[in-house]
Amino acid sequence: AIDQFGEKHFTLERVLELEPNVIKLAPALAEHAVDCMPQRDKDKIASLVERSLQRDITVIATGIEISAQQSWVQAIGITHLQGHFYGRAAPQCEIPLTVATNLDERPLRHFA
(Lines give C-alpha, C1' and ligand atoms only; values in the text may rest on other atoms or scores of the structure.)
Protein backbone atom coordinates (compact mmCIF):
# COMPACT_ATOMS: atom_id res chain seq x y z
CA ALA A 1 0.00 0.00 0.00
CA ILE A 2 1.07 3.57 -0.60
CA ASP A 3 -0.23 5.90 2.09
CA GLN A 4 -0.54 9.69 1.80
CA PHE A 5 0.18 9.72 -1.94
CA GLY A 6 0.73 13.32 -2.94
CA GLU A 7 2.78 14.30 0.10
CA LYS A 8 5.87 12.43 -1.04
CA HIS A 9 7.51 12.63 -4.43
CA PHE A 10 6.37 9.66 -6.52
CA THR A 11 6.06 9.58 -10.27
CA LEU A 12 3.13 7.72 -11.78
CA GLU A 13 5.58 5.23 -13.27
CA ARG A 14 7.20 4.62 -9.86
CA VAL A 15 3.83 4.04 -8.22
CA LEU A 16 2.83 1.51 -10.85
CA GLU A 17 6.28 -0.12 -10.69
CA LEU A 18 5.78 -0.74 -6.96
CA GLU A 19 2.52 -2.57 -7.76
CA PRO A 20 0.67 -1.61 -4.56
CA ASN A 21 -2.74 -3.10 -3.85
CA VAL A 22 -3.97 0.18 -2.31
CA ILE A 23 -3.17 3.86 -2.85
CA LYS A 24 -4.46 6.32 -0.24
CA LEU A 25 -4.41 9.85 -1.58
CA ALA A 26 -3.23 12.61 0.75
CA PRO A 27 -6.08 14.81 2.06
CA ALA A 28 -4.54 17.89 0.45
CA LEU A 29 -5.23 16.52 -3.03
CA ALA A 30 -9.02 16.62 -2.64
CA GLU A 31 -8.85 19.93 -0.78
CA HIS A 32 -6.76 21.69 -3.41
CA ALA A 33 -8.59 20.09 -6.34
CA VAL A 34 -11.73 22.05 -5.52
CA ASP A 35 -9.89 25.22 -4.46
CA CYS A 36 -6.82 26.13 -6.41
CA MET A 37 -5.27 23.19 -8.24
CA PRO A 38 -4.28 23.82 -11.86
CA GLN A 39 -6.19 21.69 -14.38
CA ARG A 40 -3.00 19.93 -15.51
CA ASP A 41 -2.47 18.65 -11.94
CA LYS A 42 -6.09 17.49 -11.73
CA ASP A 43 -5.53 15.65 -15.00
CA LYS A 44 -2.43 13.93 -13.57
CA ILE A 45 -4.40 12.71 -10.56
CA ALA A 46 -7.23 11.50 -12.79
CA SER A 47 -4.68 9.63 -14.93
CA LEU A 48 -3.17 7.99 -11.84
CA VAL A 49 -6.61 6.89 -10.69
CA GLU A 50 -7.58 5.57 -14.13
CA ARG A 51 -4.36 3.61 -14.58
CA SER A 52 -4.51 2.29 -11.02
CA LEU A 53 -8.07 1.06 -11.40
CA GLN A 54 -7.14 -0.64 -14.68
CA ARG A 55 -4.59 -2.63 -12.65
CA ASP A 56 -7.09 -3.49 -9.88
CA ILE A 57 -5.39 -1.15 -7.41
CA THR A 58 -7.83 0.26 -4.87
CA VAL A 59 -7.65 4.06 -4.65
CA ILE A 60 -8.90 5.73 -1.46
CA ALA A 61 -9.54 9.47 -1.26
CA THR A 62 -8.93 10.77 2.25
CA GLY A 63 -9.74 14.09 3.87
CA ILE A 64 -13.18 14.46 2.30
CA GLU A 65 -14.86 17.29 4.22
CA ILE A 66 -17.32 18.88 1.79
CA SER A 67 -19.63 17.68 -0.96
CA ALA A 68 -17.56 19.38 -3.70
CA GLN A 69 -14.58 17.19 -2.76
CA GLN A 70 -16.77 14.09 -2.77
CA SER A 71 -18.15 15.02 -6.20
CA TRP A 72 -14.69 15.59 -7.68
CA VAL A 73 -13.15 12.33 -6.48
CA GLN A 74 -16.20 10.38 -7.61
CA ALA A 75 -16.06 12.08 -11.02
CA ILE A 76 -12.53 10.77 -11.55
CA GLY A 77 -13.56 7.23 -10.60
CA ILE A 78 -12.77 6.90 -6.90
CA THR A 79 -15.36 4.93 -4.96
CA HIS A 80 -13.54 4.55 -1.62
CA LEU A 81 -13.78 7.76 0.40
CA GLN A 82 -13.03 8.74 3.97
CA GLY A 83 -13.11 11.97 5.93
CA HIS A 84 -15.05 14.15 8.32
CA PHE A 85 -17.83 14.57 5.76
CA TYR A 86 -18.91 11.07 6.78
CA GLY A 87 -18.20 11.32 10.50
CA ARG A 88 -15.62 12.45 13.04
CA ALA A 89 -12.91 10.21 14.45
CA ALA A 90 -14.03 8.37 17.59
CA PRO A 91 -12.95 5.49 19.80
CA GLN A 92 -14.02 2.15 18.33
CA CYS A 93 -16.60 1.58 21.07
CA GLU A 94 -18.36 4.81 20.06
CA ILE A 95 -18.43 4.25 16.31
CA PRO A 96 -21.97 3.88 15.05
CA LEU A 97 -22.94 1.32 12.47
CA THR A 98 -22.89 3.45 9.34
CA VAL A 99 -24.76 2.50 6.21
CA ALA A 100 -24.38 4.60 3.10
CA THR A 101 -27.59 4.32 1.15
CA ASN A 102 -26.52 6.67 -1.60
CA LEU A 103 -23.09 8.14 -2.32
CA ASP A 104 -24.75 11.46 -3.15
CA GLU A 105 -26.07 11.81 0.39
CA ARG A 106 -24.48 11.69 3.81
CA PRO A 107 -24.64 8.21 5.31
CA LEU A 108 -27.46 7.20 7.61
CA ARG A 109 -26.33 6.44 11.12
CA HIS A 110 -27.67 3.76 13.36
CA PHE A 111 -26.42 3.47 16.91
CA ALA A 112 -26.44 -0.18 17.93
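Thresholds applied
- Residues numbered from 1 in each chain as written.
- Predicted model: local features only at pLDDT ≥ 70, side-chain atom pairs only at ≥ 80, totals over all residues.
- Heavy atoms only, no water.
- Core = buried A, V, L, I, M, F, W, Y, C linked by side-chain atoms within 4.5 Å.
- Buried < 20%, exposed > 50% of the residue type's maximum accessible area, 1.4 Å probe, protein only.
- Helix = DSSP H or I, 4+ residues; strand = E, 2+ residues; numbered from the N terminus.
- Contact = heavy atoms within 4.5 Å.
- Phe/Tyr/Trp six-rings, centres within 6.5 Å; stacked < 30°, edge-to-face > 60°.
- Salt bridge = Lys/Arg side-chain N within 4 Å of Asp/Glu carboxyl O.
- Pairing = 2+ DSSP bridges.
- Expected span 1.5 Å × (residues − 1).
- Arc of directions from axis to C-beta.
- Right-handed = clockwise from strand over helix to strand, strands pointing away.

## Description of the nonpolar core
Counting residues in hydrophobic clusters, the biggest one holds 22 residues, and the most contacted among them are Leu-25, Ile-45, Ile-64, Val-73, Ile-78 and Leu-81. Contributions of two or more residues to this core are made by helix H1 (12-18), strand E2 (22-25), helix H2 (27-35), helix H3 (39-54), strand E3 (58-61) and helix H4 (67-75). Sequence-distant contacts of Leu-81, defined by excluding residues within four places in its chain, comprise Ala-61, Ile-64, Gln-70, Val-73, Gln-74 and Tyr-86.

## Re the packing of aromatic side chains
For the structure shown, the criterion picks out 1 aromatic pair. Between Phe-85 and Tyr-86, the ring centres sit 5.2 Å apart and the planes meet at 85 degrees, which makes this aromatic pair edge-to-face. Assigned by exposure class, Phe-85 and Tyr-86 land together as buried.

## Comments concerning the pattern of salt bridges
Evaluated as defined, the whole model comprises 1 salt bridge. Between Asp-41 and Arg-40 there is a salt bridge; the shortest N-O distance is 2.9 Å. For Arg-40, a relative accessible area of 54% corresponds to the exposed category.

## What to know about the pairing of E2
Only one face of E2 is covered, namely the face carrying Ile-23 and Leu-25; the face carrying Val-22 and Lys-24 is uncovered. As paired elements, E2 and E3 share 4 bridges and run parallel to each other. Directly across from Leu-25, in E3, lies its bridge partner Ala-61.

## So, H3
Taking 1.5 Å of rise per residue, 16 residues should cover 22 Å, and H3 covers 22 Å from first to last C-alpha, within 8% of that figure. All buried positions along H3 are accounted for by Lys-42, Ile-45, Leu-48, Val-49 and Ser-52. End-on view of H3: buried residues confined to an arc of 120 degrees, all on one side of the axis. Pointing more than 90 degrees away from the buried face of H3 are the exposed residues Arg-40, Lys-44 and Gln-54.

## Section: unusual backbone geometry
Even without glycine at this site, Glu-19 takes up a positive phi of about 50 degrees. Look at Asp-56: it is not a glycine, yet its phi comes out positive at around 60 degrees. Summarising the element assignment, Asp-56 is placed in the loop between H3 and E3.

## Things to note about the pairing of E3
Examined bridge by bridge, E3 and strand E4 (residues 80-81) share 2 bridges and lie parallel to one another. If you follow Ala-61 over to E4, its bridge partner there is Leu-81. With H4 bridging E3 and the parallel E4, this β-α-β connection has right-handed handedness.

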